[in-house]
Amino acid sequence: MGPLVTTEWLAGEPDLVIFDATKYLPNEDKDGKAEFLKAHIPGARYFDIDEVADPDTDLPHMVPTPGRFAKLMAAMGVGNASRIVFYDQKGLASAARGWWLMGLFGHDKAAVLDGGLPKWMREGRPTEAGSPAAPAQASFLPEFRATRLRGVGDLTRNVVSQAELVLDARAAGRFTGATPEPRAGMRSGHIPGSENVPYTDLLNADGTFRSVAELKARFAKASVDGSLPVVTSCGSGVTACILTLGLRLAGLPEGAVYDGSWTEWGGRSDTPVETN
């Protein structure tokens, strides 16, 4: 199982843990869990990005400790032998966060459903409603891969050293500062020296990933040539994971994710900001 699977593959593959990992932005008038209860892929469970997170910070859905992650995965029926597929209700917006979290904690048997629930439903495939049955308790032993994670201190030092290439997955207007941030109190703009690769640039109109050649070309446009390690960022560490997945699909080093992303950087007064 690779990091990206098709609806056809998912429909015919047994013995999977399927998660709806939908997360809507603060300015979107929808709730992922409520929409999940209305319709989801048969057998799916809800993966709450805000719960699989560090509860001891004011920043949204930050990476939890290995112990918390292990406890939550075990309660959700995920063991070290589980094969996991993440999807979301928007096509491809937040599912990659689930995939990335699994890899961060050492679990590589995880994938994202290309095109997500919209593609599944367009093809007339079945859905079900209501709360799924509680899964059997499992046992999950994490293996934390710290090199895949970056914090504000790392990014502050990188502004000076430029040792790593920072890719920002937000829309162009948010990157330049022309469009206000969806979260109140955020400054507008971007981390100095970063490159803008809106995550939507990696996707076709139907929410599926573009071809490998197209992905490579788009990353090349942002100066991704393998000479520098890459760090992905976005609004709050969710769509940054789409860039990370895109790098993997393109055969490029996937680097790390800046977990706090713009919510942390733009919400502080001591971090430099560029607008252009």
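So, here's what we can say about the structure. From a predicted model like this one, the values you see are computed outputs, not experimental measurements.

Cut-offs applied
Residues numbered from 1 in each chain as written. Predicted model: local features only at pLDDT ≥ 70, side-chain atom pairs only at ≥ 80, totals over all residues. Heavy atoms only, no water. Helix = DSSP H or I, 4+ residues; strand = E, 2+ residues; numbered from the N terminus. Rg over C-alpha atoms; globule rule 2.2 N^0.38 Å. Contact = heavy atoms within 4.5 Å. Areas by Shrake-Rupley, 256 points an atom, 1.4 Å probe, with all protein chains shown as cover. Buried < 20%, exposed > 50% of the residue type's maximum accessible area, 1.4 Å probe, protein only. Polar contact = N/O pair within 3.5 Å; in protein donor to acceptor, adjacent residues only side chain to side chain. Axes fitted to C-alpha atoms, helices over the stretch in contact; angles between N-to-C directions. Parallel < 35°, antiparallel > 145°, perpendicular 65-115°, else oblique. Left-handed = near helix turned anticlockwise from the far one by under 90°. Nonpolar A, V, L, I, M, F, W, Y, C, P; charged D, E, K, R; others polar. Core = buried A, V, L, I, M, F, W, Y, C linked by side-chain atoms within 4.5 Å. Pairing = 2+ DSSP bridges. Salt bridge = Lys/Arg side-chain N within 4 Å of Asp/Glu carboxyl O.

1. Focus: the overall build of the protein
So, step 1. Scanning the protein from terminus to terminus reveals 10 helices and 10 strands.
So, step 2. Taken over the C-alpha trace, the protein has a radius of gyration of 18 Å; the compact-globule value for 276 residues is 19 Å, and the two agree within 12%.
So, step 3. Counting only C-alpha atoms, the protein reaches 50 × 40 × 35 Å along its principal axes.
So, step 4. When contacts within the protein are restricted to residue pairs at least 6 apart in sequence, those whose partners lie at least 24 apart make up 79%.
So, step 5. Accessible surface, the protein as shown: approximately 11600 Å² in total, 52% of it carbon and sulfur.

2. Some details on the environment of P198
So, step 1. By the secondary structure assignment, P198 is in the loop between β8 (195-196) and α8 (212-221).
So, step 2. Measuring from C-alpha to C-alpha, the distance between P198 and R170 comes to 5.1 Å, with 28 residues separating the pair along the chain.
So, step 3. Each residue touching P198, except ones within four places of it in the same chain, is listed here: D168, A169, R170, A171, A172 and R218.

3. With respect to unusual backbone geometry
So, step 1. For Q162, which is not glycine, the phi dihedral falls at a positive 50°.
So, step 2. Within the secondary structure layout, Q162 lies in the loop between α6 (152-161) and β7 (165-168).
So, step 3. Using a relative accessible area of 33% as the deciding quantity, one classes Q162 as partly exposed.
So, step 4. Positive phi is not limited to glycine here, since S223 has a value of about 75°.
So, step 5. Within the element layout of this structure, S223 appears in the loop between α8 and β9 (230-233).

4. Remarks on the side chain of E181
So, step 1. Residue placement: E181 occurs in the loop between α7 (172-176) and β8.
So, step 2. Taking relative accessible area as the criterion, E181 reaches 12% and is therefore assigned buried.
So, step 3. Side chain to side chain, E181 and R174 meet in a polar contact 2.8 Å long.

5. Re the packing of α8 against helix α9 (residues 240-249)
So, step 1. The N-to-C vectors of α8 and α9 enclose an angle of 120°; their axes lie 9 Å apart at closest approach. If you check the angle between α8 and α9, you find them oblique. Of the two possible hands of crossing, α8 and α9 adopt the one that is left-handed. Facing α8, whose interface residues are V212, L215 and F219, α9 presents L243, G246, L247 and L249.
So, step 2. Here the contact of α8 with α9 is built from residues that sort into six nonpolar, one polar and no charged.

6. Focus: the nonpolar core
So, step 1. Core analysis: the biggest nonpolar cluster contains 50 residues, and F47, M73, F86, L101, M102 and L167 have the highest contact counts within it.
So, step 2. Those elements that place two or more of their residues in this core are β2 (17-20), α3 (66-75), β4 (84-87), α4 (95-104), β5 (110-113), β7, α8 and α9.
So, step 3. A per-element tally of this core places α4 first, with seven residues.
So, step 4. Apart from residues no more than four positions distant in its own chain, M73 is found in contact with F47, V52, V78, M102 and F140.
So, step 5. One finds I18, Y46, V85 and L117 within the second-largest nonpolar core, a separate group that totals 14 residues.

7. Brief notes about the sheet that holds strand β3 (residues 45-46)
So, step 1. Taken together, the five strands give an open sheet; going across it, the order is β1-β5-β4-β2-β3, and neighbouring strands pair in parallel fashion. Every interior strand has two partners, whereas the edge strands, β1 (4-5) and β3, have only one.
So, step 2. Sheet topology note: the β4/β5 ladder contains three bridges and is parallel. Across the sheet, residue I84 finds its bridge partner in β5, namely A110.

8. Brief notes about the pattern of salt bridges
So, step 1. A complete count under the given rule lists 20 salt bridges for this structure.
So, step 2. Salt-bridge contacts for E123 lead to K119; the nearest nitrogen and oxygen are separated by 2.5 Å.
So, step 3. Judged by relative accessible area, E123 falls into the partly exposed class, the value being 31%.

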